[in-house]
Amino acid sequence: MAEQRIGMVGIGYAGLPMAVALARVGNRVWGYDIDYRRVDKVNAGRSPVDTVTDEELRALGPDLRASTDPAVLGGCDVILVCAPTPVDNGTPNLEPLLSATRAVRDNLRRGQLVVVESTTHPGTTDGLVQPVLEETGLRAGVDFNLAYSPERIDPGNATFGVANTPRVVGGLTAACRDRAAALYEQVGTVHLTKSMREAEAAKILENTYRQVNTALANEFSQICWAMDIDVWDTIHAASTKPYGFAPFWPGAGVGGHCIPADPMYLVHAAASLGRPFRMAETANEINEGQPLWVADRICKELEAGGRSAVAATVLLLGVTYKADTADVRHTPAGPIARALQERGVRVRFHDPYAAELSWPGGHIEREPDLAAALAEADMTVVLQRHREYEPAVIGGARTVFDTTGKVPAAAGRL
């Protein structure tokens, strides 16, 4: 395929890796973002996210540039939209996606291919994005191509990335689908769906599957604790079955953009049709409650060790939502810290990837000296087992409570 000029709307955790992958195979890519700091970093060869390295950016040179001016999209053959789709107070917020769509609309020209990569509920691309683009007088499927292909980025995953994770592609028409498929085939395998709505639903299903099974593991961990059963040993035992079982592990709670947010888009879409998505709603309630249960467990462990929670010092290790990443979006560390402070606990934290931890009404800075913090804390709670937290490091703690199942010497575990 000849070199194409590609515009990527949104160069964050999900958009930038695909922009890099497409530039690497001979395309010229413009990243458009409203965050000037992110744009400046990309142009300086410094990655603003940990899903792309500085070395990857620098190797591309002029083949990947970034701008805060949406006019760069007008000169592109292809425009990919990877805007965030957050959930605010339990309600999906499509405004960032619609704002990005309006930027595309204002620079849309005949013959372009527009692909939405943002995770959203089925019917968004043809029901919301398409009408905005057609305000130009151009018709989707006739004057320009329109398709949907959800991002599948897993921060911190060293095994699967853009190149070896298949892309799901659906189009408004067969021609739209095939043109989008040809684009993504430059970097990996493509799976075609009947329409854009199947592709949108597939991404929601993927993340709801993880949400529901994680909720099962979290609630199961609570039952195991009440019955004096080792949940980790139990799941390991069940995992020996070579069929009909896939292990999911409990933890301090779920975080990031995907699992806590994406299923809620389908929950709200289904409710508008009078069809409640009860399993996803229940799973969300369980996962949202897990951090409060963990905070309660921490206080119980303190009391069992003869230390009142009031005025005790607790050190949280690893406050990002996932090990070995810098992403703190929807991290369970926030509600845990808040719940502990409300009980009178002095909360401290350390994380090599995060300098501060904030939650509504609260904020703490990272402890500068990990060894001293470990020695001073009445209890150290491992929320994420970053690679920096080797057993020899954690061994400097007085007492350890482990929520990851990866610290065998911990005095207490989920």
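Every value quoted in this text rests on a predicted model; they were computed, and no experiment measured them. (Residues numbered from 1 in each chain as written. Predicted model: local features only at pLDDT ≥ 70, side-chain atom pairs only at ≥ 80, totals over all residues. Heavy atoms only, no water.)

Colleague: What is the right way to look at the side chain of Thr193 in this model?
Modeller: Among the secondary structure elements, Thr193 is positioned in the loop between strand 10 (190–192) and helix 7 (196–226). Among the residues examined, Thr193 registers a relative accessible area of 12% and is labelled buried. Only 2.8 Å separates the side chain of Thr193 from the backbone oxygen of Ser195, close enough to count as a polar contact. The residues touching Thr193, leaving out its near neighbours within four places in the chain, are Val168, Val169, Gly170, Arg177, Glu198 and Ala199. (Helix = DSSP H or I, 4+ residues; strand = E, 2+ residues; numbered from the N terminus. Buried < 20%, exposed > 50% of the residue type's maximum accessible area, 1.4 Å probe, protein only. Polar contact = N/O pair within 3.5 Å; in protein donor to acceptor, adjacent residues only side chain to side chain. Contact = heavy atoms within 4.5 Å.)

Colleague: Please clarify how the pairing of strand 15 (residues 379–382) should be interpreted in this entry.
Modeller: In summary, the side chains of a regular strand alternate between the two faces of the sheet. Side-chain alternation along strand 15 places Met379 and Val381 on one buried face and Thr380 and Val382 on a second face that is also buried. As paired strands, strand 11 (residues 313–317) and strand 15 are joined by four bridges and run parallel to one another. Note that in strand 15 the partner of Leu316 across the bridge is Val381. Of the pairings in the sheet, the one linking strand 15 to strand 16 (residues 400–402) comprises three bridges and is parallel in character. Opposite Val382, over in strand 16, you have Asp402 as the bridge partner. (Pairing = 2+ DSSP bridges.)

Colleague: Teacher, can you tell me more about the sheet that holds strand 16 here?
Modeller: The pairing of strands in a sheet comes from backbone hydrogen bonds and takes either a parallel or an antiparallel form. The five strands lie next to each other as 12-11-15-16-17, forming an open sheet whose pairing is parallel. Here the strands that pair on one side only, and so sit at the sheet edges, are strand 12 (346–350) and strand 17 (412–413). One ladder, built from two bridges, connects strand 16 with strand 17; its direction is parallel. By the bridge assignment for strand 17, Phe401 is matched with Gly412. Sitting on the sheet, helix 10 (residues 278–304) is in contact with strand 11, strand 15, strand 16 and strand 17, with an inclination near 150 degrees to strand 15. Those strands touched by helix 11 (residues 333–342) are strand 11 and strand 12, and its axis lies near 180 degrees from that of strand 11. (Axes fitted to C-alpha atoms, helices over the stretch in contact; angles between N-to-C directions.)

Colleague: What should I look at first to understand the side chain of Gln4 in this one?
Modeller: Topologically, Gln4 is positioned in the segment before strand 1 (5–9). Take Gln4: its relative accessible area is 12%, and that puts it in the buried class. In this view, Gln4 contacts Asn27, Arg28, Asp77, Val78, Leu183 and Gln186; residues no more than four positions away in its chain are not counted.

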